[in-house]
Amino acid sequence: MSRGPYSQLPKSSFWKSGVALSSPLFIKDLYKKKFVISACDRIAVAGSCFAQHISKQLKAKGFNYLDEELPPIGLHQSLFSHYGYSIYSARYGNIYTIKQLKQLAEEASGLWAPKNYIWEKHDRYYDALRPSIEPCGYATKDEVIRDRQFHLQRVKEMFTNADVFLFTLGLTESWMDKESGTIYPLAPGVIAGKFEPDLYRFYNTSFSEAMSDFLLFQNALLHLRCESKLSMRIVLTVSPVPLTATASSQHALKANTYSKSVLRALAGELYERNSHID
């Protein structure tokens, strides 16, 4: 009697034995790493708020964690995170979307420049691409520009020096400057600036566009690192944290399901296509 193609498969291949009868805290063979990260590998981290927990664990467990934008001498350690230091590998704050990540890499490599990225509130000025890193804002627009130029140099160093880049995919939803296409991590008016429907619009990325944005992000890395083939290894995770609110006109549950499904499908597709992505 011939056996079917499923007869010799391990228990993990079947829902009943691999999932239903297993403790949700001890599911075996759920993940098999694609490559080894050694103690010498320089690891950079970015992404949505969940990536902060990954950064903390990497530092606590003694990995070679890159922090290219260190806090200034004299700033007390208790204020580091308040001003956006020592959270990620550079002082960019939360990067929620692939489009935002692509934008940062292209800006650091000189392939693109943002527009309308200085917001105002109570006669203070904010970098709209990382509005939370200076809680009280800057005194002048020139200060915003100078600090951003310094920041981009540190980002460039991070992308150039990292052996492993770990990115947490957070959302597909974002806000965009209509004229330039500049993407913001937060809606105008939340921290600074003013929401004006004629200037800004809600934007929700599709799977195909997210894939295109990721490939453009990798092209920017190649440009920065002067490589024909990317030697940096990339680890992608999808944040389990749901979106706080949606401007999509959909129910928050439906909007969150769409966002996480697109990002998980993206991570899976990139994993299957690329030996350097896990």
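Here is a short report on the structure shown in this document. (Residues numbered from 1 in each chain as written. Predicted model: local features only at pLDDT ≥ 70, side-chain atom pairs only at ≥ 80, totals over all residues. Heavy atoms only, no water.)

This brings us to the sheet that holds strand β5 (residues 173-177). With antiparallel pairing, 3 strands are arranged side by side in an open sheet as β6-β5-β7. Where the open sheet ends on each side, the last strands, each with one partner, are β6 (183-184) and β7 (200-204). Of the pairings in the sheet, the one linking β5 to β6 comprises 2 bridges and is antiparallel in character. Bridge pairing in β6 links M176 to I183. (Pairing = 2+ DSSP bridges. Helix = DSSP H or I, 4+ residues; strand = E, 2+ residues; numbered from the N terminus.)

Helix length check: helix α6 (residues 252-273), at 22 residues, gives a terminal C-alpha distance of 32 Å against a target of 32 Å (1.5 Å per residue), a fit within 8%. Within α6 the residues assigned to the buried category are A255, N256, S259, K260, V262, L263, L266, A267, G268 and L270. Summarising the contacts, the buried residues of α6 are in contact with α3 (98-108), β4 (164-169), β5, α5 (207-225) and β8 (233-238). (Expected span 1.5 Å × (residues − 1). Buried < 20%, exposed > 50% of the residue type's maximum accessible area, 1.4 Å probe, protein only. Contact = heavy atoms within 4.5 Å.)

With that out of the way, let us pick up the pairing of strand β2 (residues 118-121). Here 4 bridges tie β2 to strand β3 (residues 124-127), and the two strands are oriented antiparallel to one another. Looking across to β3, one finds that W119 is bridged to Y126. Hairpin connection, β2 to β3: the antiparallel pair is bridged by 2 residues, and H122 has positive phi, about 50°.

For the structure shown, the criterion picks out 11 aromatic pairs. An angle of 70° between the planes, with centres 5.7 Å apart, marks the rings of W175 and F202 as edge-to-face. Placement of W175 in strand β5 and of F202 in strand β7 is noted, with a sequence separation of 27 residues between them. Taking the relative accessible area as the measure of exposure, F202 reaches 22% and is therefore partly exposed. Note that K34 overlies the ring of Y271, its terminal NZ or CZ placed 3.9 Å from the centroid. For R233, the ring lying beneath its charged end belongs to F35, and the centroid distance is 5.6 Å. (Phe/Tyr/Trp six-rings, centres within 6.5 Å; stacked < 30°, edge-to-face > 60°. Lys NZ or Arg CZ within 6 Å of the ring centre and 35° of its normal.)

This next bit is on the sheet that holds β4. Taken together, 3 strands build an open sheet; the order of strands is β1-β4-β8 and the sheet is parallel. Looking at strand neighbours, the two that pair on one side only are β1 (43-47) and β8, the edges of this open sheet. Looking at each pair of strands side by side, their axes are set apart by 15° on average, direction ignored. Pairing geometry for β4 and β8, over 6 bridges, is parallel. Its bridge partner lying in β8, V164 is registered against R233. Lying over the sheet, helix α2 (residues 51-60) contacts β1, β4 and β8, oriented at roughly 160° with respect to β1. (Axes fitted to C-alpha atoms, helices over the stretch in contact; angles between N-to-C directions.)

Within this structure, the stated rule accounts for 15 salt bridges. With its nearest N and O atoms 2.9 Å apart, the salt bridge here joins K99 to D213. Remark: D213 occurs in helix α5 and K99 occurs in helix α3; sequence separation between them is 114 residues. For K99, a relative accessible area of 10% puts it in the buried group. On the basis of relative accessibility, which here comes to 3%, the residue D213 falls in the buried class. For R225, the salt bridge goes to E227, with nearest N and O atoms at 3.3 Å. In this structure, a network of salt bridges that share partners links the residues R91, E107, D127, R130, E134, D147 and R148. (Salt bridge = Lys/Arg side-chain N within 4 Å of Asp/Glu carboxyl O.)

Moving on: a nonpolar patch on the surface. Together, Y6, L9 and F14 line one region of the surface with nonpolar side chains, adding up to about 310 Å² of accessible area. Among the structural elements, Y6 can be located in the segment before α1 (15-20). Under the relative-accessibility criterion, Y6 is labelled exposed at 58%. (Patch = residues over 30% accessible without salt bridge, like charges linked within 9 Å, V, L, I, M, F, W, Y side chains within 5 Å. Areas by Shrake-Rupley, 256 points an atom, 1.4 Å probe, with all protein chains shown as cover.)

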